[in-house]
Every structure is written in structure tokens, then in C-alpha cells.
Amino acid sequence: MPIQTINPATNEVIKTFEPHTATEVEQMLKAADTAFQSWKHVEFEERARHMQQCADLLEQEAEKYGRIITLEMGKPLQDAVAEVKKCAKVCRYYAEKAAEFLQDEEVESGASRSLIAYQPLGVVLAVMPWNFPFWQVLRFLAPALMAGNVGVLKHASNVPQCALAIEEIIRKAGFPEHVFQTLLVESKAVDAIIESKYIKAVTLTGSEGAGSKVAEKAGSEIKKTVLELGGSDPFIVLEDADLEEAATTAVKSRMVNTGQSCIAAKRFIVVEGIAEAFLEKMKEKMRALKTGDPLKDNCDYGPLARKDLAEELEKQVQASLDKGAEVVLEGGREGKDSAYFKPMIIRNVKPGMPAYEDELFGPVAIVFVVPDEAEAIKIANDHRYGLAGTVWTKDKERGLRVARQVESGAVFVNAMVASSPEMPFGGIKKSGYGRELSYIGIREFTNQKSIWIG
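Residues numbered from 1 in each chain as written. Predicted model: local features only at pLDDT ≥ 70, side-chain atom pairs only at ≥ 80, totals over all residues. Heavy atoms only, no water.

Q: It is not clear to me how the overall build of the protein should be interpreted in this structure. Could you clarify?
A: Summing up its helical and strand segments, the protein has 15 helices and 22 strands in all. The C-alpha atoms of the protein give a radius of gyration of 22 Å, which matches the 22 Å a tight globule of 454 residues would have. With the C-alpha coordinates of the protein rotated into their principal frame, the extents come out at 65 × 60 × 40 Å. Counting over 454 residues, the protein shows a buried share of 56%. Of the contacts formed within the protein by residues at least 6 apart in sequence, a portion of 72% connects residues at least 24 apart. In the form shown here, the protein has an accessible surface area of approximately 18,900 Å², with 50% of it arising from carbon and sulfur atoms. With 56 positive and 66 negative side-chain charges, the protein shows a spacing of 1 Å between the two charge centroids. (Helix = DSSP H or I, 4+ residues; strand = E, 2+ residues; numbered from the N terminus. Rg over C-alpha atoms; globule rule 2.2 N^0.38 Å. Buried < 20%, exposed > 50% of the residue type's maximum accessible area, 1.4 Å probe, protein only. Contact = heavy atoms within 4.5 Å. Areas by Shrake-Rupley, 256 points an atom, 1.4 Å probe, with all protein chains shown as cover. Lys, Arg positive; Asp, Glu negative; His and termini not counted. Charge placed at Lys NZ, Arg CZ, Asp CG, Glu CD.)

Q: It is not clear to me how the sheet that holds strand E10 (residues 233-237) should be interpreted in this structure. Could you clarify?
A: Two orientations exist for strands paired in a sheet by backbone hydrogen bonds: parallel and antiparallel. Pairing within the open sheet is mixed, and its 7 strands lie in the order E12-E15-E16-E11-E10-E18-E19. The two strands at the open ends of the sheet, each matched to only one other strand, are strand E12 (326-329) and strand E19 (410-413). Averaged over all pairs of adjacent strands, the angle between strand axes in this sheet comes to 25°, irrespective of strand direction. In terms of strand pairing, E10 meets strand E18 (residues 388-392) through 3 bridges, oriented parallel. (Pairing = 2+ DSSP bridges. Axes fitted to C-alpha atoms, helices over the stretch in contact; angles between N-to-C directions.)

Q: In this structure, what is going on with the packing of aromatic side chains? I would like to understand it.
A: The geometry of two aromatic rings is summed up by the distance between their centres and the angle between their planes. According to the stated counting rule, one finds 9 aromatic pairs in the structure shown. Seen from their ring centres, Phe 235 and Phe 268 are 5.2 Å apart, and the 45° between their planes marks the pair as tilted. With Phe 235 in strand E10 and Phe 268 in strand E11 (residues 265-271), this residue pair connects regions lying 33 residues apart in the sequence. Exposure class is identical for Phe 235 and Phe 268. Each is buried. Taken together, the ring pairs in this structure connect Tyr 93, Tyr 94, Phe 101 and Tyr 439 into an aromatic cluster. (Phe/Tyr/Trp six-rings, centres within 6.5 Å; stacked < 30°, edge-to-face > 60°.)

Q: Explain the sheet that holds strand E7 (residues 180-182) here, please?
A: Across the sheet, which stays open at both edges, the 6 strands sit in the order E7-E6-E5-E8-E9-E21 with mixed pairing between neighbours. The open sheet has two free edges, formed respectively by E7 and strand E21 (432-433), since each of these has just one partner strand. Inspection of the sheet shows strand E5 (residues 123-127) paired to strand E6 (residues 150-154) by 5 bridges, in the parallel sense. Across the sheet, residue Val 124 finds its bridge partner in E6, namely Gly 151. Against the sheet, helix H1 (residues 22-39) touches E5, E6, E7 and strand E8 (199-205), its axis set at about 155° to E6. On the sheet, helix H8 (residues 208-220) packs against E8, strand E9 (224-228) and E21 and is oriented at approximately 170° with respect to E8.

Q: Can you help me understand unusual backbone geometry in this one?
A: Excluding glycine, a negative phi dihedral is what most residues carry, and trans is how most peptide bonds are arranged. Phi is positive for Asn 257, which is not a glycine, with a value near 60°. Looking at the secondary structure, you find Asn 257 in the loop between helix H9 (243-255) and E11. Owing to a relative accessible area of 5%, Asn 257 belongs among the buried residues under this scheme. A positive phi is found at Asn 348, a non-glycine position, where the angle reads about 55°. With respect to the helices and strands, the residue Asn 348 is situated in the loop between strand E15 (344-347) and helix H12 (354-357). For Asn 348, a relative accessible area of 31% puts it in the partly exposed group.

Q: Just to check I follow, could you spell out the environment of Ala 380 for this structure?
A: Along the chain, the position of Ala 380 falls in helix H13 (residues 373-381). The exposure class assigned to Ala 380 is buried, which follows from its relative accessible area of 5%. Separated by 26 residues in the primary sequence, Ala 380 and Val 406 place their C-alpha atoms 6.8 Å from one another.

Q: In this structure, what is going on with the packing of helix H3 (residues 62-73) against helix H6 (residues 160-172)? I would like to understand it.
A: For any two helices packed against each other, the geometry comes down to the angle between their axes and how far apart the axes lie. At a minimum axis distance of 9 Å, the contact between H3 and H6 shows a crossing angle of 160°. The angle between H3 and H6 places the two elements in the roughly antiparallel class. Taken as a pair, H3 and H6 cross one another with a handedness that is left-handed. Across from Lys 64, Tyr 65, Ile 68, Ile 69, Leu 71 and Glu 72 in H3, the residues of H6 making contact are Pro 160, Gln 161, Cys 162, Ala 165, Glu 168, Ile 169 and Lys 172. A class-by-class count of the residues in the contact of H3 with H6 yields 8 nonpolar, 1 polar and 4 charged. (Parallel < 35°, antiparallel > 145°, perpendicular 65-115°, else oblique. Left-handed = near helix turned anticlockwise from the far one by under 90°. Nonpolar A, V, L, I, M, F, W, Y, C, P; charged D, E, K, R; others polar.)

Q: Looking at this structure, I do not really get the pattern of salt bridges. What am I missing?
A: Two side chains with opposite charge may pair up if their charged atoms get near one another. Tallying each qualifying case throughout the model produces 31 salt bridges. Arg 347 is paired through a salt bridge with Glu 276; the nearest N and O atoms lie 3.4 Å apart. Of the two residues, Arg 347 sits in strand E15 while Glu 276 sits in helix H10 (residues 272-287), which places them 71 residues apart along the sequence. With relative accessibility at 23%, the residue Arg 347 sits in the partly exposed group. Between Arg 333 and Glu 314 there is a salt bridge whose closest N-O contact spans 3.4 Å. Of this pair, Arg 333 sits in strand E13 (residues 332-333) while Glu 314 sits in helix H11 (residues 307-322), placing them 19 residues apart in sequence. On the accessibility criterion, Glu 314 (35% relative accessible area) is partly exposed. A single network of salt bridges, built from pairs that share partners, joins Glu 239, Asp 240, Glu 373, Arg 398 and Arg 401. (Salt bridge = Lys/Arg side-chain N within 4 Å of Asp/Glu carboxyl O.)

Q: Teacher, can you tell me more about the nonpolar core here?
A: Formed by 122 residues in total, the largest nonpolar core has its most connected members in Cys 54 and Phe 134. Among the elements that take part in this core, helix H4 (residues 77-101) stands out by supplying 13 residues, more than any other. When neighbours within four sequence positions are excluded, Phe 134 is seen to be in contact with Leu 58, Tyr 65, Ile 69, Glu 83, Val 84, Cys 87, Cys 162, Ala 165, Ile 166 and Ile 169. Counting 25 residues, the second largest nonpolar core, distinct from the first, contains Ala 246, Ala 250, Val 270 and Ala 365. (Core = buried A, V, L, I, M, F, W, Y, C linked by side-chain atoms within 4.5 Å.)

And the structure:
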């Protein structure tokens, strides 16, 4: 099957690529391993020089690369450009911090000297999604390369031009040949790639199902994995919250990337005393959002990334409504052949409904009205995912107390959940394991070697 760029705003096929053959993939993996044998000995200063150049290119050509993102997966151009510029920040962060994060760590013991050394593993396979097609890759790649590893990318099949553009950037930044390569392959090729003797570890951002399959295969090969999977993030609004700020952030958080973000707020859990006022504000702000051609119009949201994704979201919502959920704000698909999906709010969602049990990956907000804080925490934790969450209260100590009780990899108090280079990112439960970003993320794909000197 060819790999295609299809503009989700128009359904137009823009470009078609022939997948790499199994023989070509094996040659590329061998070349990556050969590159690693040299790259692992390169000093941090030289690695950092190339990484800073990578950041320069991302900033200088943000508009060019942003247009590719928008063309392939439909997010508004201004958001795509912002994504590219964010990638420059993670490159600079690790260029500046990698040597510090990976320096030998002296340990007190019975030896004359003992230390922990952080050494690269080798070729890391990255299986990445389409929703943030530059950011997801660069937040893995920057620390991996700075640690002395090399990378090969199996990107989502609907963003091949993004994948090739990132390879182009790495090449232009002066990195040695083959330290990063894009594999144009379908998902069914991933198992064989993981089996290759050249692959030493795997990182995946994507669905729970994809993560389970990759973990199973990597486990059978005794290869380390880091998984960042689905999320159904709770957005808890307590009775003493600033409702205007909370509602404004709620809509922004639900609609980021047209709702196609693992850390987008999805379940809005509101204490009953302020629930109706909060809902009115939320509805008003959602109604004001504008859509259009994401390449041309200054719109707030674009189409979903593919037509089938809009169809699947529609089915999840309808199945929930058939079981008793109620519509608070009308929305939904614009037509059978459209990837556009207008924002919706639903409530009276119960266990057994798709809206309760699953992740709705699109602009549908699910509202729960609860009697008190304790019930809000209970509902927040009654889910198989545990990626992130938000708590809104004017009492910061209360916010911290509630945050500690929310079962997730991150909780933001009075702020929208976001990823940043300084803080570790990842989830618990079915949202995955391991961490990206921060000093923790760069150490994930290192051999944390104990050295004892008698």
C-alpha cells in the first residue's frame, strides 16, 4: 500500500510515497548501527553544536514546516508554526543541559570510589503519531541524540512529509549521516523492525492498542520500551474556583489541536453549586469558536486529521446518547464526507458508555456534576487512563492536596496541562510507563552503569 499525504480539509491526495522494502529497512538499520559506533564517542560540546543548529533551522523555517503539518493533519497554521517553534526550545534545552544530566554521579559506598555512569544504548526505534507530528518526534530525538544514541522513525502513515522534513532538518544541522533516518513503512512492518539485532530500545506515543502490541513484541525481544498512550484527563472545578478563568481554560484545553491531544481535558468534573454557571460560560465560549480552511483562515480549529477519525468519534458519541447521555451543546460532523467536527458538550454520562469508558479524541467535552470534592476525586480516578489532570480552586494548598490524590502522571493546579522540557512527561495505568523530557527522560535510553573501584 502506498503511503499518502491527504489534506483532511479537502480530502485531496497531495503526494504518494512507496514504502521502503524489508531489504531497504535492514540496510538503513545497519547504517544506523554503524553511525552509532562513532556518534557515541562524540563529545557533548560537538553534539550540542549540531543540536543548536537544529533549533536555528526550526525557528528560521517555522512557517515552511508549519505548512507541511497543516497540509497533512489539518491543525490551524498558527498552531502548526507554534509547534515547530516549541521543538526548537526542546533542542536548545538538551543542547544546554545534556552534559549536566549525564555526568558521572558519585556515590558513597564501601569502595575507594563508586559512581553511576550514563551511557547510550544504541539505535532507538520511535513509533510516533500524527497529532503533533514534529513535537512528538523532537521531544524524543533531542535527548536521544544528545545522550549519544541514534534514532530511526516509523511515523504515522498520514504524515510522511513531516517525517521526511525532520530528517532533512537533522541533515542540514550537520549531524553525521544516518544518526537519524525516517522509515517509510506501514504499521505491520514494526514487529520485524523491533526483532532486528540493531534495535536496542523502542519508544511509542500512540493508542493503547498500539502500545500493547509494541510492548509485547519488545518484551519478547527483551528490549526496553517507553510508552505514552491514551488519556481521558479530568478537569476538576471546585466551588471556590475562578469560574471565568476556569471556563476559558476549559474550552482552550478541550479544543487544543481540535481536541486531538492525549493531554487535552476531556472529563469536566464540576461541583454542583457552581455547575450551571460554569456550563453556561463554557457553552458561550465554545459557540464563539470559528473554523475554516486551516491553511488560509485565522480559525480556532480545523478538521480532524482524517475522515475516519471523525466517523469514529461520531459513533462513540451516538452510542453514548443511545444509552442515556444528554447533549448540552449541539455539534458533530458536518457531513459523511467531511473530517470537520463541530464542538459538543454532553452530560449524564454513566459507566458502560463509550464517553465514560474510552477516550474521545476530538472536540467533545464530557461534563460530570458532583456534590463535593471527594466525589470529584473519585470520578477523576474511575478510569483506566492516568496521563494528566487539572484542579481549579483559589486555595493553592487545597489544590495541592487534591492534586496528590489524582491518579495520573501530572496534575496542573489553576493551569492548562502542557508538556515542557523541564518537567517529566508520561502516565500511569493504561496511559503507559516511562518518562520523556526533563533529566528523567534523557536517562531512559541510557545504561545506568554502576562502577565500583576497590
